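Structural overview for review
Residue strings, one per chain:
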Amino acid sequence: MPFVLEPESYVDDVTLEGDDLTGQDGTDARIDGCTWRGVRLDEVVLRRGRLSDTTLDTVSATTLDVTTGDWLDVVVRDSRLGGVQAFDADWRRVTVQGGKVDYLNLRDARLADVTLDGVTVGELDLTGARTKGLVLRDVAVRELVIDRATLTGADLTGLATGALRVLRGVAGLRGARITGPQALDLLPALADHVGLVVED
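Description of the structure in this document.

1. Some points on the side chain of Asp42
Looking at the element boundaries, Asp42 is found in the loop between strand E4 (35-37) and strand E5 (44-45). A distance of 2.5 Å separates a polar atom in the side chain of Asp42 from a polar atom in the side chain of Arg40. In terms of polar contacts, Asp42 uses its side chain to reach the backbone amide nitrogen of Thr62, at 2.9 Å. When sequence neighbours within four positions are dropped, the list of residues in contact with Asp42 reads Thr22, Gly23, Ser60, Ala61, Thr62 and Thr63.

2. Side note on the side chain of Asp32
Looking at the secondary structure, you find Asp32 in strand E3 (residues 30-32). No salt bridge is formed by the buried Asp32, whose closest oppositely charged neighbour, Arg30, lies at an N-O distance of 4.2 Å. Within polar-contact distance, the side chain of Asp32 engages the side chain of Ser52 at 2.8 Å. Filtering out sequence-adjacent residues up to four positions away, Asp32 remains in contact with Tyr10, Val11, Asp12, Asp13, Ser52, Asp53 and Thr54.

3. Looking at the pairing of strand E11 (residues 100-105)
In the sheet, strand E9 (residues 80-85) pairs with E11 via five bridges, with the strands oriented parallel. Following the sheet pairing, Arg80 is matched in E11 by Lys100. Pairing geometry for E11 and strand E14 (residues 120-125), over five bridges, is parallel. Note on E14: the bridge partner recorded for Lys100 is Thr120.

Thresholds applied
- Residues numbered from 1 in each chain as written.
- Predicted model: local features only at pLDDT ≥ 70, side-chain atom pairs only at ≥ 80, totals over all residues.
- Heavy atoms only, no water.
- Helix = DSSP H or I, 4+ residues; strand = E, 2+ residues; numbered from the N terminus.
- Polar contact = N/O pair within 3.5 Å; in protein donor to acceptor, adjacent residues only side chain to side chain.
- Contact = heavy atoms within 4.5 Å.
- Buried < 20%, exposed > 50% of the residue type's maximum accessible area, 1.4 Å probe, protein only.
- Lys, Arg positive; Asp, Glu negative; His and termini not counted.
- Salt bridge = Lys/Arg side-chain N within 4 Å of Asp/Glu carboxyl O.
- Pairing = 2+ DSSP bridges.

As structure tokens, then:
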């Protein structure tokens, strides 16, 4: 019998292989101890969903709504995701490893020990996000938005600035760690922020 995701459902220790959950609504669902591999999540809604001890492996989605979700000990591995709406989320010990995300919206999210590792992101929106232990490792981001973000102590040394085309909200970098070469790449944005005129 095909698996069906329903609002307010409790999904415990369920392994899915290649299932298609397109368009299903798991608002307020609790997902615990699950492994979903090769699952299609197009237009799936997991608003206010609670995910714990769960792995999403090689999943795909054109859009995925996980707004105000509470994620603990979650791994997203080698997945292909379009627009991920995760604003106002609470993520603790979450790893996104490999794969590609076109748009990751983490506005006003609370991120503790979150790692992006070897992933390509079109736009990473951290507007108003509060982070503790955020790590970007070998991450290529085309557009980074950090207006009003709190990135104190964040390790951004793995951000591939060669891929970065747009940086908005440069003041949000306060307290984050970057490398010397990254600082040189970011110089135009930093100079513009403080009103410096850089001449050759």
